[in-house]
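Structure at a glance
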Amino acid sequence: MSDQRFIGSLTGLRFVAAATVAVGHGAPSLGQGRPAELIAQVSSIGMTMFFVLSGFVLWLNYAGRFHAEPVAGAIREFAIARFARLYPMYAVLVAAIVTYLMLARGLSAPSLGFILTMTQAWFPVQNGTMLVAVVPPLQHLWSISVELFFYLLFPFVCFLLAGVVRLSTMIWLAAANILAFALTIAAFFTYGDAMLRALVPSLQHNGMQWLTYYAPYLHVAQFLAGCFAAMIYQNRARTDPAPTERRCVTVLFWLSLAGLACAPALLFMQPHLPDWPFAIELSVRLIEITAFSIVFVATSRYGHARWLSSRAIIIGGECSYSIYLLHPFLIRLAMIGKPDQPGVLELALRLSLFVAITTAVAWITYMVVEAPSRAWIRRSLGTRAPREVIQAKAS
């Protein structure tokens, strides 16, 4: 297997994650009825994909530096690279939206300090309102706040796992992480509401939504799952896979895709099954964290889903960050046709147009804002880019 194929698949997966979130968020606005409600459920699947993929990418790009280079230098390069990757486009978007709201509506944004420092998801409430929702047009930036939390955690993860070299140990750690994830979900759903009422009484609404979805603390296991998957990939990349190994991975790959396809349907049925909400929630989250771990290893190490390395998908992957940041503001541009309740075909056309428009605009902002600012920050601060795993080129 060549590194170029792996790089292409990894970049392509970023586009799949961004497009999935965009489609899920766009469906309720571009259609009504059960088809739109079902499609809307894929957004949470896409968010989990982002978080697991984040751990996978960071481990491949930076873990070796933390293990081999002086700590201060490795942390400095990591911090500069992550700041250059996230902050310029984020700051442009926040400045544009806040300026518009202040001019159009006289908005006073006391939460702006949290938003600018990317910490709005870490804390639950401000003045009785969930902090991530104080500026509604910027609510989707909660996931960027979660990403920053991962970045602060990552050096400690690298140091703790520095001595793990055996495949069996990696697999056991990955399984233990999934078990801890399940137990944490159970604890949050059992005791979380009472804990929030005691600790944050001003958050009268959406407390559990913050704790179980917006806050970074439950998502840490998803990030760690990506790290463990990357460790397993690196371990297996040293040898050629045997035919039996390939067959087993192929079976696991297709089972994972089947599970991921069922997950939105389970979430769609959740409100209609009042006796099963927790069981469905737990099942979906375990499917996501396990399936994405398998899919990432299968596509990178074993060559599944080669279409992820196509030129069009890689272009989308390169601008996936801008796709995520901009997509809520472009939904109405895809409102073609007249029916308020479009048929399945028209809804599919609207969603496809929405993804195409968003990708086109995102490519422009990537070329104008993201790429130049990233390069300028690295040059100014005297740091080098990560190794070639993130320097994807279309094949």
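Residues numbered from 1 in each chain as written. Predicted model: local features only at pLDDT ≥ 70, side-chain atom pairs only at ≥ 80, totals over all residues. Heavy atoms only, no water.

Secondary structure summary: the protein chain contains 14 helices and two strands in total. The globule rule puts the C-alpha radius of gyration for 395 residues at 21 Å, and the 21 Å found for the protein chain is close to it. Judged by the C-alpha coordinates and their principal axes, the protein chain covers about 60 × 55 × 50 Å. When each of the 395 residues of the protein chain is scored for burial, the buried share is 52%. Taking all contacts inside the protein chain whose residues are at least 6 apart in sequence as the whole, residues at least 24 apart take part in 79%. Accessible surface, the protein chain as shown: approximately 18,000 Å² in total, 67% of it carbon and sulfur. (Helix = DSSP H or I, 4+ residues; strand = E, 2+ residues; numbered from the N terminus. Rg over C-alpha atoms; globule rule 2.2 N^0.38 Å. Buried < 20%, exposed > 50% of the residue type's maximum accessible area, 1.4 Å probe, protein only. Contact = heavy atoms within 4.5 Å. Areas by Shrake-Rupley, 256 points an atom, 1.4 Å probe, with all protein chains shown as cover.)

Time to look at the nonpolar core. Counting residues in each nonpolar core, the largest one holds 119 residues, and the members touching the most others are Phe-56, Trp-59, Trp-142, Ile-144, Phe-154 and Phe-296. Among the elements that line this core, the one with the most residues is helix H3 (residues 42-68), at 16 residues. In contact with Trp-59, not counting residues within four places along its chain, are Gly-64, His-67, Phe-154, Val-157, Cys-158, Leu-161, Cys-227, Ala-230, Met-231 and Gln-234. (Core = buried A, V, L, I, M, F, W, Y, C linked by side-chain atoms within 4.5 Å.)

Let us now look at the packing of aromatic side chains. If you walk through the whole model with that rule in mind, you get 27 aromatic pairs. Judged by centre distance (5.5 Å) and plane angle (90°), the rings of Phe-51 and Phe-150 are edge-to-face. Taken together, the positions of Phe-51 in helix H3 and Phe-150 in helix H6 (residues 142-160) put the pair 99 residues apart, joining distant regions of the chain. Taken as a pair, Phe-51 and Phe-150 share a single burial class, namely buried. For the ring pair Trp-59 and Phe-154, a centre distance of 6.3 Å and an interplane angle of 90° mean the geometry is edge-to-face. Here Trp-59 is found in helix H3, whereas its partner Phe-154 is found in helix H6, with 95 residues between them in sequence. Classification of Trp-59 as buried rests on a relative accessible area of 3%. (Phe/Tyr/Trp six-rings, centres within 6.5 Å; stacked < 30°, edge-to-face > 60°.)

The subject of this paragraph is the pattern of salt bridges. Overall, the coordinates contain seven salt bridges when judged by the stated rule. Close ionic contact of Asp-193 with Arg-197 constitutes a salt bridge, the shortest N to O distance being 2.4 Å. With Asp-193 and Arg-197 both in helix H7 (residues 167-199) and four residues apart, the pair spans about one turn of that helix. Of the charged contacts in the structure, one is a salt bridge between Arg-285 and Glu-281, with a shortest N-O distance of 2.8 Å. Here Arg-285 pairs with Glu-281, and both are found in helix H11 (residues 277-301), just four residues apart, close to one helical turn. The same class applies to Arg-285 and to Glu-281, which are both buried. Salt bridges sharing partners connect three or more residues here, namely Arg-85, Glu-370 and Arg-374. (Salt bridge = Lys/Arg side-chain N within 4 Å of Asp/Glu carboxyl O.)

What follows is about the side chain of His-304. Positionally, His-304 belongs in the loop between H11 and helix H12 (311-318). Since its relative accessible area comes to 15%, His-304 is described here as buried. Residues in contact with His-304, not counting those within four places in the same chain, are Val-249, Thr-250, Phe-253, Ala-298 and Thr-299.

What follows is about the environment of Met-118. Checked against the element boundaries, Met-118 lands in the loop between helix H5 (112-116) and strand S1 (125-126). Taking the C-alpha atoms as reference points, Met-118 and Arg-332, separated by 214 residues in sequence, lie 27 Å from one another. In this view, Met-118 contacts Leu-86, Tyr-87, Tyr-90, Ile-144, Ser-145 and Leu-148; residues no more than four positions away in its chain are not counted.

By the element assignment, Leu-282 lies in helix H11. Each C-alpha atom, one on Leu-282 and one on Leu-183, is 9.7 Å from the other, the two residues being 99 residues apart in sequence. Discounting residues that sit within four places of it in the chain, Leu-282 has contacts with Ala-182 and Ile-185.

Between H3 and H6, the least distance of the axes is 10 Å, while the angle of their chain directions is 35°. In this structure, the crossing between H3 and H6 has a hand that is right-handed. On H6, the residues that touch Met-47, Phe-50, Phe-51, Ser-54, Leu-58, Trp-59, Tyr-62, Ala-63, Phe-66 and His-67 of H3 are Trp-142, Ser-143, Val-146, Glu-147, Phe-150, Tyr-151, Phe-154, Pro-155, Val-157, Cys-158 and Phe-159. (Axes fitted to C-alpha atoms, helices over the stretch in contact; angles between N-to-C directions. Left-handed = near helix turned anticlockwise from the far one by under 90°.)

When the pLDDT values of the protein chain are averaged, the result is 88; 93% of them are 70 or greater. Segment residues 1-6 is flagged for pLDDT under 50; beyond a separation of four residues in sequence, or across chains, it makes 15 contacts in the model. Every residue in residues 388-395 is under pLDDT 50, and counting partners more than four places away or in other chains gives 23 contacts. (pLDDT = per-residue confidence, 0-100.)

Given the relative accessible area of 14%, Glu-281 is considered buried. In this structure Glu-281 touches Phe-189, Leu-267 and Gln-270, once residues within four positions along its chain are discounted.

Turning our eyes to something else, we now look at helix H10 (residues 243-269). Because the α-helix completes a turn every 3.6 residues, residues three or four places apart line up on one side. When the terminal C-alpha atoms of H10 are compared, their 40 Å separation across 27 residues agrees well with the 39 Å that a helix rising 1.5 Å per residue should span. Listing the buried residues of H10 in full gives Glu-245, Val-249, Phe-253, Ser-256, Gly-259, Leu-260, Ala-263, Pro-264, Leu-267 and Phe-268. Buried residues along H10 sit in contact with helix H2 (34-40), H3, helix H9 (220-236) and H11. (Expected span 1.5 Å × (residues − 1).)

A few words now on the packing of H10 against H11. Between H10 and H11, the least distance of the axes is 8 Å, while the angle of their chain directions is 145°. Two packed elements cross with a definite hand, and for H10 against H11 that hand is left-handed. Between H10 and H11, the contacting residues are Val-249, Leu-252, Phe-253, Ser-256, Leu-257, Gly-259, Leu-260, Ala-263, Leu-266 and Leu-267 on the first element and Ile-280, Glu-281, Val-284, Ile-287, Glu-288, Ala-291, Phe-292, Ile-294, Val-295, Ala-298 and Thr-299 on the second.

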